[in-house]
Amino acid sequence: MKKVLKAVLCLALVAAFVASFAGCAKMNYVTNGTIKAIHEVKSGAWENNGAAEGEGGEEGGAAADEAVIDALTPGTYGGVEFNDLNAVAAYYKEAYDYTKTLTAQYKNAEGGTETFYKFLGEDNLELESILVDGKENATINKLVPGIMGGLFSKQINGLPPAKNRNPELDKDDEGQDFRTSYITGDDLLAANVADNGDGTITITMQPKLTEMSVPGKDAQGHVFSTLGDIGPTVSSISVVSFAQGDYKDNIKVTYKGGTAVVKIDTKTKEIVEAEYTEMAYVAVTHVNIAIIKDKSASLTIKYWQKFPCSAEYMKETKGVTPA
């Protein structure tokens, strides 16, 4: 039964974290699913679910910030000089800002025409290294695909960070405009440039580690569409509380090791391909969920966005097709 309770705990936490990406509109689904799972434990429905603890691990992952890409070799690439990280960030900003001035006409689900960014991308999310009290659980790993299928809604969006594929609506609640990049050389832990020999260059960047990143406000948020503060979202689930402290004390999200790989046409300075791989390490301590008391859990979220968006992805997500 102890193993089963741990499975329910992590099920609830994972659902909450995925819902943070999917949006607060699905919170009722998370709450109802958690309560249902707890009732199943009480009734014995999970008794033969095959739960088995695996090897333990460090909760939330190590906090060290290490480069996962090669360092910049100063030089000229595609006719552009890059001597330091400031030059890389400045060129990326120029390409980002120009690319987000480009728009195109698309048809929505109702058949109407709307103006969106010309350069739209697809996304996906994976959950990795799910631990409860520092250990893996086979049942949890099996449940993850179902959890994600019910909570994560694939989206079509502009270059990250972005709040909307409509340029006029691409700003946060405070009015910060995401049609321009706020990246600086100080945001980067590492970066490099490659000449593709076809009039394009590829810039690869790794932003510095950031805790509780907010889009447009910090190193990670200048490159990725990060979560912001997920604490209030998790704590808003009625069955969640904490044995000591509150969500500010017990919920930690560390962003590190993510990369952005961006291909740029040096003649036009338009971004023509891009892939953003964001890594978030989530740790929760002293959590109570109904009958489950004072437990800890951690997981790794891998969220990527790929540009341009494929025709197949547009068809799958519906509502956005070229006019």
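This is a predicted model, so every value here is computed, not measured. (Residues numbered from 1 in each chain as written. Predicted model: local features only at pLDDT ≥ 70, side-chain atom pairs only at ≥ 80, totals over all residues. Heavy atoms only, no water.)

**Focus on the overall build of the chain**
The number of helices and strands found in the chain is seven helices and 16 strands. Taking all 323 residues of the chain together, the buried fraction comes to 50%. Accessible area of the chain: about 14400 Å², with a carbon and sulfur share of 48%. (Helix = DSSP H or I, 4+ residues; strand = E, 2+ residues; numbered from the N terminus. Buried < 20%, exposed > 50% of the residue type's maximum accessible area, 1.4 Å probe, protein only. Areas by Shrake-Rupley, 256 points an atom, 1.4 Å probe, with all protein chains shown as cover.)

**Re the side chain of asparagine 192**
Along the chain, the position of asparagine 192 falls in strand β8 (residues 188–195). A polar contact of 2.9 Å, which involves the side chain of asparagine 192, links it to the backbone oxygen of aspartate 70. Setting aside residues up to four positions removed in sequence, asparagine 192 forms contacts with Ile69, Asp70, Ala71, Leu72, Thr202, Ile203 and Thr204. (Polar contact = N/O pair within 3.5 Å; in protein donor to acceptor, adjacent residues only side chain to side chain. Contact = heavy atoms within 4.5 Å.)

**Things to note about the packing of aromatic side chains**
All told, the structure shown has six aromatic pairs when counted by the stated rule. Here the aromatic rings of phenylalanine 82 and tyrosine 91 are separated by 5.5 Å at their centres, their planes lie at 75°, and the arrangement is edge-to-face. Classification of tyrosine 91 as buried rests on a relative accessible area of 6%. Measuring from ring centre to ring centre gives 6.0 Å for tyrosine 276 and phenylalanine 307, while their planes differ by 80°; the resulting arrangement is edge-to-face. Of this pair, tyrosine 276 sits in strand β14 (residues 270–289) while phenylalanine 307 is found in strand β15 (residues 292–307), placing the two residues 31 residues apart along the sequence. (Phe/Tyr/Trp six-rings, centres within 6.5 Å; stacked < 30°, edge-to-face > 60°.)

**A short note on the confidence of the model for the chain**
For the chain, per-residue confidence averages 80 on the pLDDT scale, and 72% of positions sit at 70 or higher. Within the model, the stretch residues 17–62 combines pLDDT values under 50 with 102 contacts to residues more than four positions away or in other chains. (pLDDT = per-residue confidence, 0-100.)

**Observations concerning the pairing of β8**
As defined by bridge partners, β8 adjoins strand β9 (residues 200–207) across seven bridges and the pair is classed as antiparallel. Note that in β9 the partner of asparagine 192 across the bridge is threonine 204. Between β8 and the antiparallel strand that follows it, β9, lie four residues; glycine 197 among them carries a positive phi value of about 75°. (Pairing = 2+ DSSP bridges.)

**Digging into the pairing of β9**
Counted residue by residue, β9 has eight buried out of eight residues, so it is predominantly covered. Taking every second residue as pointing to the same face, both faces of β9 are buried, with Thr200, Thr202, Thr204 and Gln206 on one and Ile201, Ile203, Met205 and Pro207 on the other. In this structure, β9 lies alongside strand β13 (residues 259–265), joined through six bridges in antiparallel fashion. Across the sheet, isoleucine 201 pairs through a bridge with isoleucine 264, a residue of β13.

**Focus: the sheet that holds strand β4 (residues 103–107)**
With antiparallel pairing, three strands are arranged side by side in an open sheet as β5-β4-β16. For this open sheet the edge positions go to β5 (113–117) and β16 (321–322), each flanked by a neighbour on one side alone. Relative to β16, β4 is paired through two bridges, and the arrangement is antiparallel. Note that in β16 the partner of tyrosine 106 across the bridge is proline 322.

**Here's the deal with the pattern of salt bridges**
Evaluated as defined, the whole model comprises 11 salt bridges. For lysine 100, the salt bridge identified is with aspartate 170, shortest N-O distance 2.9 Å. A residue pair is termed long-range when its members are at least 10 positions apart, and lysine 100 in the loop between α3 (85–99) and β4 and aspartate 170 in the loop between α4 (138–151) and β8 qualify at 70 residues. Judged by relative accessible area, lysine 100 falls into the buried class, the value being 4%. With a relative accessible area of 0%, aspartate 170 lands in the buried category. With its nearest N and O atoms 3.0 Å apart, the salt bridge here joins lysine 217 to glutamate 174. Here lysine 217, found in the loop between β10 (210–211) and α5 (231–235), pairs with glutamate 174, found in the loop between α4 and β8; they are 43 residues apart in sequence, far enough to count as distant. A relative accessible area of 67% means that glutamate 174 is categorised as exposed. (Salt bridge = Lys/Arg side-chain N within 4 Å of Asp/Glu carboxyl O.)

**Side note on the nonpolar core**
Counting 29 residues, the largest nonpolar core has Phe82, Val88, Ile203, Met205, Ile271 and Tyr276 as the members making the most contacts within it. Listed by contribution, the elements that provide at least two residues to this core are β3 (80–82), α3, β8, β9, β13 and β14. Of all the elements, α3 adds the most residues to this core, at six residues. Beyond its immediate chain neighbours, meaning those up to four positions away, valine 88 contacts Leu72, Phe82, Leu188, Ala191, Val193, Ile203 and Met205. One finds Leu227, Val240, Val284 and Val287 within the second-largest nonpolar core, a separate group that totals 17 residues. (Core = buried A, V, L, I, M, F, W, Y, C linked by side-chain atoms within 4.5 Å.)

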